[in-house]
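The residues making up each chain are set out below.
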Amino acid sequence: EEEPTGKFQHLDVQVLPPEVDPKDLWRIEAGIQLSRDKRLDYGPINDLLKIREGLTAGLSRDEIAATLYGSGGPEEIREPDARLRLIDSYLDYIKAPEQYTVVKQRIEHFINLQNFLHWLDKKNNVVPKERLKWLLIAFEMLRTEEFGHMDIRKLREIYGNDEARDHLQTQVRPQPEKTLSEDQRTAIKEQFETAVDHVAIAKDSQQPDKLLSRAERALKALLKFKEKVAGDKALHKRVAILKKAATELEKACSGRRAR
């Protein structure tokens, strides 16, 4: 009734013999649904779900790889299976279990998150509690829907910088039980950008001219809002810190000129 072309008035079917077991059924379905000309119709989430169905049906990872790809070993199946479990964890986090349509356009986010977690696992000093903390930070970022998949890739650099890492993990506090307001979404994005800025400053630390250029641009931007800054007492102390730092730099330059 909803399709004016009439494409659903008739369906082509084939009746399978009763002795077909779950493994055979999976092979038939996977061969049709995940063939090259059908893959785009089903999408990457359904690819992952089909792999899970195969494992549930009792097929080995080798058998699934052979059916889907014609070759390859269990590693080709292990990673996608782990990715779907990661997606399941996120959907549980946002109280939307098995609602895969929520993430159907965000597979790259989870690939990059998976790579970040693998990187953490290879570091000797990262305990499970620390890994979980950063997984939840990433989930909170994803929950805002303010981040692209390339932002998730930046988590490795942020974690590798002490100031950036400390900033993000103290400012982004996962609270899945609470609904995010628009202001909270914006705040999480801003805190992430501050962490990214710490990374960029560290990269420029051996090039004072770049750091000065960044400072000049920031101060010029602040001058446009000097009345707002002047009216916020909480910012006065930070302005004093900037003045002190600038004074120390000026003294260093004056001493150099005198010599």
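Residues numbered from 1 in each chain as written. Predicted model: local features only at pLDDT ≥ 70, side-chain atom pairs only at ≥ 80, totals over all residues. Heavy atoms only, no water.

Time to look at the overall build of the chain. Along its length, the chain carries 13 helices and zero strands. A compact globule built from 259 residues would reach a C-alpha radius of gyration of about 18 Å, whereas the chain, at 26 Å, exceeds it by more than 25%. Dimensions of the chain along its principal axes, counting C-alpha atoms only, are 95 × 50 × 35 Å. The contacts in the chain between residues at least 6 apart in sequence include a share of 64% that link residues at least 24 apart. Both charge centroids of the chain, one from 46 positive and one from 45 negative side chains, sit 11 Å from each other. (Helix = DSSP H or I, 4+ residues; strand = E, 2+ residues; numbered from the N terminus. Rg over C-alpha atoms; globule rule 2.2 N^0.38 Å. Contact = heavy atoms within 4.5 Å. Lys, Arg positive; Asp, Glu negative; His and termini not counted. Charge placed at Lys NZ, Arg CZ, Asp CG, Glu CD.)

So, about the packing of aromatic side chains. If you walk through the whole model with that rule in mind, you get eight aromatic pairs. Here W119 and Y159 contribute two aromatic rings whose centre-to-centre distance is 5.9 Å and whose plane-to-plane angle is 85 degrees, an arrangement assigned as edge-to-face. Here W119 is found in helix α5 (residues 107-122), whereas its partner Y159 is found in helix α8 (residues 155-159), with 40 residues between them in sequence. Taking the relative accessible area as the measure of exposure, Y159 reaches 6% and is therefore buried. Ring-pair connections join several aromatic residues into one group, and the members of that group are Y90, Y93, F110 and F139. The ring of Y159 carries the charged tip of R165 above its face, separated from the ring centre by 5.2 Å. (Phe/Tyr/Trp six-rings, centres within 6.5 Å; stacked < 30°, edge-to-face > 60°. Buried < 20%, exposed > 50% of the residue type's maximum accessible area, 1.4 Å probe, protein only. Lys NZ or Arg CZ within 6 Å of the ring centre and 35° of its normal.)

With that out of the way, let us pick up the side chain of Q114. Inspection of the secondary structure assignment puts Q114 in helix α5. The buried category is assigned to Q114, whose relative accessible area is 5%. A distance of 2.8 Å separates polar atoms of two side chains, one belonging to Q114 and the other to R83. In this structure, Q114 is in contact with E79, A82, R83 and L86, ignoring residues within four places of it in sequence. (Polar contact = N/O pair within 3.5 Å; in protein donor to acceptor, adjacent residues only side chain to side chain.)

What follows is about unusual backbone geometry. Non-glycine residue E98 carries a positive phi angle of around 65 degrees. Here E98 lies in the loop between α4 (75-93) and α5. For E145, which is not glycine, the phi torsion reads 60 degrees and is therefore positive. Relative to the helices and strands, E145 resides in the loop between α6 (128-144) and α7 (149-153). Owing to a relative accessible area of 58%, E145 belongs among the exposed residues under this scheme.

On to α4, then. Its 19 residues place the ends of α4 27 Å apart at the C-alpha level, agreeing with the 27 Å of an ideal helix rising 1.5 Å per residue. Taken together, the buried positions of α4 are occupied by I77, P80, D81, R83, L84, L86, I87, D88, Y90, L91 and Y93. Once α4 ends, the next one or two residues include K95, with phi positive near 60 degrees. (Expected span 1.5 Å × (residues − 1).)

Moving on, we come to a negative patch on the surface. There is a patch of like negative charges on the surface, built from E145, E146, E182 and D183. As for its position among the elements, D183 is in helix α10 (residues 182-203). (Patch = residues over 30% accessible without salt bridge, like charges linked within 9 Å, V, L, I, M, F, W, Y side chains within 5 Å. Areas by Shrake-Rupley, 256 points an atom, 1.4 Å probe, with all protein chains shown as cover. Salt bridge = Lys/Arg side-chain N within 4 Å of Asp/Glu carboxyl O.)

Under the counting rule described, the total for this entry stands at 14 salt bridges. Measuring nitrogen to oxygen at the nearest pair gives 2.9 Å for the salt bridge that ties R143 to E140. Separated by three residues within a single helix, R143 and E140 lie in helix α6, roughly one turn from each other. A relative accessible area of 14% means that R143 is categorised as buried. Judged by relative accessible area, which is 2%, E140 ranks as buried. Across the pair K154 and D151 runs a salt bridge, and its minimum N-O distance is 3.8 Å. Of the residues examined, D151 reaches a relative accessible area of 12% and is grouped as buried. One continuous salt-bridge network, built from bridges that share partners, spans D24, R27 and E63.

The next thing to look at is a nonpolar patch on the surface. A contiguous nonpolar patch, built from L16, L25, I28 and I32 and spanning about 320 Å² of accessible area, is present on the exposed surface. Tracing the backbone shows L25 in helix α1 (residues 22-33).

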